[in-house]
Amino acid sequence: MAAWWMTDTAPYPYSQRWLLDLPLPFLSLRRLDRMLMPSPGMRVLEIGPGTGLQSLHVAPQLGERGRLDVVDVQQPMLDHVSARAAKLGVGNIVPTLADAHSLPFEDETFDAAYLVTAIGEIPEPAVTLGELRRVLKPAGRLVVGEFFDRHQIRPARLIAHADSARLHVTQIIGPPFAYYAALRPCGAA
Ligand SMILES: C[S@@+](CC[C@H](N)C(=O)[O-])C[C@H]1O[C@@H](n2cnc3c(N)ncnc32)[C@H](O)[C@@H]1O
């Protein structure tokens, strides 16, 4: 049982979605803004939106000409985000059902990307970081938020994975158990 608990890689269950709406200490939306710097007209990618806690905050900041693509392996999560967006009149969220190990986007598509409490759930995080590196524009930025749970990727491990994906960590805020990291493609100005 303990071994299963530590090694299980199933995505977060939709049946426990209510927990995702609770704000996490240190991983506030204000801190996400500080790291991601969303602005009108940007095209942004979110992996693992869950019920849309971050999506519904970020998308309105991108304006009518901007767009937030949300990618999840679970269709019920995407449907949940879309329903909430429709209710709130947020019209620039585009859902895509896909696995973050292989992103269905052209190279250099996005100005920015982010994942909050999602990368630790992905079985091969370095592969996903490589995919994010590929779909980010050369001057794009990536924000990873991680919180203390059984899937958490600690900062040192994130830095090692990032190196292998030709990304570098430029800033980390928050304690190691609940942090946001900002990453840039290597070679970016
Ligand atoms: C713990 S939830 C986080 C939700 C939201 N970001 C939040 O902080 O409330 C993790 C999300 O990542 C998604 N996910 C897990 N593995 C994935 C994968 N391989 N590709 C895409 N999404 C994945 C899950 O379906 C779930 O929606």
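Residues numbered from 1 in each chain as written. Predicted model: local features only at pLDDT ≥ 70, side-chain atom pairs only at ≥ 80, totals over all residues. Heavy atoms only, no water.

- An unreviewed UniProt entry annotates the chain as Methyltransferase domain-containing protein of Streptacidiphilus fuscans.

Notes on the pattern of salt bridges
Here is step 1 of the chain: Scanning the model with the defined rule gives 6 salt bridges in all.
Here is step 2 of the chain: Of the charged contacts, one joins Glu131 and Arg134 as a salt bridge, the two residues approaching to 2.9 Å between their closest N and O atoms. With Glu131 and Arg134 both in helix H5 (residues 125-135), this residue pair falls 3 residues apart, about one helical turn.
Here is step 3 of the chain: According to the relative accessible area criterion, Arg134 is partly exposed, its value standing at 24%.
Here is step 4 of the chain: Each of Arg43, Arg67 and Asp69 takes part in one network of salt bridges that share partners. (Salt bridge = Lys/Arg side-chain N within 4 Å of Asp/Glu carboxyl O. Helix = DSSP H or I, 4+ residues; strand = E, 2+ residues; numbered from the N terminus. Buried < 20%, exposed > 50% of the residue type's maximum accessible area, 1.4 Å probe, protein only.)

Overview of unusual backbone geometry
Here is step 1 of the chain: Phi at Phe26 is positive, roughly 75°, even though this residue is not glycine.
Here is step 2 of the chain: Among the structural elements, Phe26 can be located in the loop between helix H1 (2-7) and helix H2 (29-36).
Here is step 3 of the chain: On the basis of relative accessible area, Phe26 is assigned to the partly exposed category, the value being 37%.
Here is step 4 of the chain: Despite not being glycine, Arg166 shows a phi value in the positive range, around 60°.
Here is step 5 of the chain: Considering the arrangement of structural elements, one finds Arg166 in the loop between helix H6 (155-164) and strand E6 (167-173).

As for the packing of aromatic side chains
Here is step 1 of the chain: Taken as a whole, this structure holds 2 aromatic pairs when the rule is applied.
Here is step 2 of the chain: Ring centres of Phe26 and Phe177 lie 5.7 Å apart, and the angle between their planes is 85°; this geometry places the pair in the edge-to-face category. One end of the pair, Phe26, is in the loop between H1 and H2; the other, Phe177, is in the loop between E6 and strand E7 (178-185), and 151 residues separate them in sequence.
Here is step 3 of the chain: The exposure class of Phe177 is partly exposed, given its relative accessible area of 38%.
Here is step 4 of the chain: Here Arg17 stacks its cationic end above the ring of Tyr14, 4.2 Å away from the centre of that ring. (Phe/Tyr/Trp six-rings, centres within 6.5 Å; stacked < 30°, edge-to-face > 60°. Lys NZ or Arg CZ within 6 Å of the ring centre and 35° of its normal.)

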